[in-house]
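Structural characterization, general
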Amino acid sequence: MKVLIVGSGGREHAIAMSVKKSAKVDKMYCAPGNAGIGQIAECVPIGAMEFDKLVDFAKKEAIDLVIVGMDDPLVGGLVDEFEKADIPVFGPRKNAAILEGSKAFSKDLMKKYNIPTAAYETFDDADAAIDYLKTKAEFPIVLKADGLALGKGVLICNTLDEALEGVSTIMKDKKFGDAGNRMVIEEFMTGREVSVLSFVDGKTIKIMSSAQDHKRAKDGDQGLNTGGMGTFSPSPFYTKEVDEFCKKYIYQATVDAMAKEGRTFKGVIFFGLMLTEKGPRVLEYNARFGDPEAQVVLPRMKNDMIEVVEACINGTLDRIDLQFEDNAAVCVVLASDGYPVSYEKGLPITGLEAFEGKDDYFVFHAGTKMGDAGFVTNGGRVLGVTAKGADLKEARKKAYEATEWVKFDNKYMRHDIGKAIDEA
Ligand code: AMP
Ligand code: GLY
């Protein structure tokens with residue numbers, strides 16, 4: 001088979017490593033990819049939003065399967081374009097990717113189908129939102145831009161003043177662009193967060209091993225929200241009781257709700273859950289693998305990735321026995337100091353060869369490029385260093401050891417990824 005992966009981050013590198021293990025795969029392409037992906041696949045200089053070029057390339061190279069990793073092209077309808085060209089493709093169509101693409105849509109869906117989530121109101125108009133905040137709101141409160149905003153369109157406001165400023169940021173100043181044309185105002189919840197990824201074939205859903213992300217830039221969950229600074233899997237807080245609750249009220253209910261709405265979902269649903277005192281609640285849905293969740297979940301998956309993906313496309317996921325290794329993984333993101341605001345690019349990276357030939361260690365490239373003399377940094381999140389261990393403690397120790405193998409100027413990481421396991 002010839003497989004094309006669309007995207008360029010650590011998640012796509014993790015997907016590519018999984019795909020590469022399949023005996024069914026002869027040749028792998030990635031558009032646009034990055035320098036690390038380029039070591040195991042042929043990178044094609046086509047952007048993830050260049051739909052016509054991607055479809056032309058897939059036709060020309062007789063691609064047998066496309067896997068779309070990123071949210072923007074999914075929400076924009078890239079899957080529909082490949083389907084029109086009769087090219088097998090893994091991911092939700094545009095009308096289903098709206099599950100991630102519009103927070104107002106996903107909240108309305110949850111309300112309609114009684115899927116547990118925070119109470120909320122939707123606003124198309126800043127004045128109505130301001131009026132609501134002044135008369136009905138309790139603080140803290142959460143403001144969410146409706147559309148995609150690189151995971152940054154959520155503002156937690158402790159006071160009315162902060163919330164009024166938030167409305168301006170989202171709806172008037174349009175800090176998140178058109179994503180802020182609508183806004184959801186939501187009840188503030190507290191609890192531990194868990195990421196649960198799943199494969200879905202339209203009717204059947206199979207849950208992957210749980211994970212936990214660390215979204216803030218600095219130790220102790222301080223600093224700005226980022227795309228994710230590190231992950232561990234499984235989450236010790238995702239207990240049997242939590243699993244049973246989610247299976248009863250959340251997972252299948254979501255898949256069935258989408259089908260009932262005429263928006264059959266095929267691909268990956270990522271459930272962002274909060275484990276509140278009243279039980280698990282959905283914080284958000286994503287329509288793709290998480291980044292860096294994929295970097296700890298996929299290395300632990302025992303199944304042939306291509307078989308699972310094809311089962312999702314063909315509607316035969318019920319026949320797949322999804323299995324994960326009985327171990328743990330931790331991923332520490334190596335960023336460029338200054339991320340997520342501003343940072344240098346083009347800094348030489350050394351030490352990557354230390355990962356070669358070590359089965360328990362992985363270095364996933366996120367923002368890297370091949371320079372004249374080797375790898376250089378090319379983004380805020382540069383690399384994801386993952387280690388597997390018998391348990392989370394061992395995986396964590398190994399992952400942090402491996403972060404020392406890699407060197408580049410301005411290297412920055414959190415030092416408390418997986419610290420929560422000490423409290424489990
Ligand atoms: P989201 O993109 O919706 O997952 O939101 C990003 C982050 O904001 C989440 O991971 C939570 O940490 C936080 N968050 C979102 N919604 C809420 C809420 N209703 N209550 C408390 N925190 C929230
Ligand atoms: N790590 C969170 C996300 O992928 O959205």
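In short, a report on the structure. Just so you know, these numbers come straight off a predicted model, no measurement behind them.

The next point concerns the nonpolar core. The nonpolar side chains of a soluble globular protein tend to be buried, and buried together. If you look at the biggest cluster of nonpolar residues, it comprises 77 residues, and the most contacted ones within it are L4, V66, F82, Y251, F271, L273 and L383. Apart from residues no more than four positions distant in its own chain, F271 is found in contact with V194, S195, V196, S198, I205, I250, Y251, T254, E284 and Y285. Counting residues in hydrophobic clusters, the runner-up holds 41 residues, among them M28, L197, V268 and V297.

Glancing now at the site of ligand 1. Near ligand 1 you find 14 residues, and of these E186, E187, M189, E193 and E284 are the closest. K144 is positioned such that a nitrogen or oxygen atom in its side chain is 3.0 Å from an oxygen atom of ligand 1. Here an oxygen atom of ligand 1 sits 2.4 Å away from a polar atom, N or O, in the side chain of E193. The protein chains hide 92% of the 470 Å² of surface that ligand 1 would expose on its own. Secondary structure elements with two or more residues in the shell around ligand 1: strand 7 (141-145), strand 8 (154-157), strand 9 (183-187) and strand 17 (279-286). Taken together, the residues of the shell around ligand 1 sort by class into 7 nonpolar, no polar and 7 charged.

On to the packing of aromatic side chains, then. Applying the stated criterion across every chain, the model contains 11 aromatic pairs. Ring centres of F90 and F199 lie 6.3 Å apart, and the angle between their planes is 45°; this geometry places the pair in the tilted category. With F90 in strand 5 (residues 89-90) and F199 in strand 10 (residues 192-201), the pair connects residues that are 109 residues apart, well separated along the chain. Accessibility expressed as a relative area gives 3% for F90, which makes it buried. Residue F199 is classed as buried on the basis of its relative accessible area, which comes to 0%. On the basis of an interplanar angle of 50° and a centroid distance of 4.8 Å, the ring pair of F245 and Y249 is categorised as tilted. One end of the pair, F245, and the other, Y249, are both in helix 9 (residues 240-249), 4 residues apart, so they sit about a helical turn from each other. Taking the relative accessible area as the measure of exposure, Y249 reaches 37% and is therefore partly exposed. In textbook terms, an aromatic cluster arises when at least three aromatic residues are bridged by ring pairs, as seen for F90, F199 and F289. Above the ring of F237, the side-chain terminus of R192 is found at 3.8 Å from the ring centroid.

Quick look at the site of ligand 2 now. With respect to spatial proximity, the complete set of residues near ligand 2 consists of D213, G227, F270, N286, R288, G290, D291, P292 and E293. A distance of 2.9 Å separates an oxygen atom of ligand 2 from a polar atom in the side chain of R288. In this structure, an oxygen atom belonging to ligand 2 sits 2.9 Å away from a main-chain N or O atom of D291. Here the residues of the shell around ligand 2 are counted per class, giving 2 nonpolar, 3 polar and 4 charged.

What links the strands of a sheet is backbone hydrogen bonding, and the strands pair in either a parallel or an antiparallel sense. The 4 strands are arranged 11-10-16-17 in an open sheet whose pairing can be described as antiparallel. On the outer flanks of this sheet lie strand 11 (205-207) and strand 17, each paired with one strand and no other. Along the sheet, successive strands turn relative to each other by an average axial angle of 35°, direction set aside. With 10 bridges joining them, strand 10 and strand 16 (residues 266-276) adopt antiparallel strand pairing. Directly across from R192, in strand 16, lies its bridge partner L275. The strands that helix 12 (residues 305-314) touches are strand 10 and strand 16; relative to strand 10, the one it contacts most, it runs at about 70°.

With that settled, the discussion passes to the sheet that holds strand 7. The antiparallel open sheet is built from 4 strands, whose spatial order is 6-9-7-8. Bordering the open sheet on either side are strand 6 (120-123) and strand 8, each of which pairs with just one other strand. When the angles between neighbouring strand axes are averaged without regard to direction, this sheet yields 20°. The pairing of strand 7 with strand 8 spans 4 bridges and is antiparallel. Its bridge partner lying in strand 8, I141 is registered against C157. Packed onto the sheet, helix 8 (residues 160-172) meets strand 6, strand 7, strand 8 and strand 9 and runs at close to 5° relative to strand 7.

Rules of the game
- Residues numbered from 1 in each chain as written.
- Chains lettered and ligands numbered in written order.
- Predicted model: local features only at pLDDT ≥ 70, side-chain atom pairs only at ≥ 80, totals over all residues.
- Heavy atoms only, no water.
- Core = buried A, V, L, I, M, F, W, Y, C linked by side-chain atoms within 4.5 Å.
- Buried < 20%, exposed > 50% of the residue type's maximum accessible area, 1.4 Å probe, protein only.
- Contact = heavy atoms within 4.5 Å.
- Near = heavy atom within 4 Å.
- Polar contact = N/O pair within 3.5 Å; in protein donor to acceptor, adjacent residues only side chain to side chain.
- Areas by Shrake-Rupley, 256 points an atom, 1.4 Å probe, with all protein chains shown as cover.
- Helix = DSSP H or I, 4+ residues; strand = E, 2+ residues; numbered from the N terminus.
- Nonpolar A, V, L, I, M, F, W, Y, C, P; charged D, E, K, R; others polar.
- Phe/Tyr/Trp six-rings, centres within 6.5 Å; stacked < 30°, edge-to-face > 60°.
- Lys NZ or Arg CZ within 6 Å of the ring centre and 35° of its normal.
- Pairing = 2+ DSSP bridges.
- Axes fitted to C-alpha atoms, helices over the stretch in contact; angles between N-to-C directions.

Any link to function would need more than the numbers given here.
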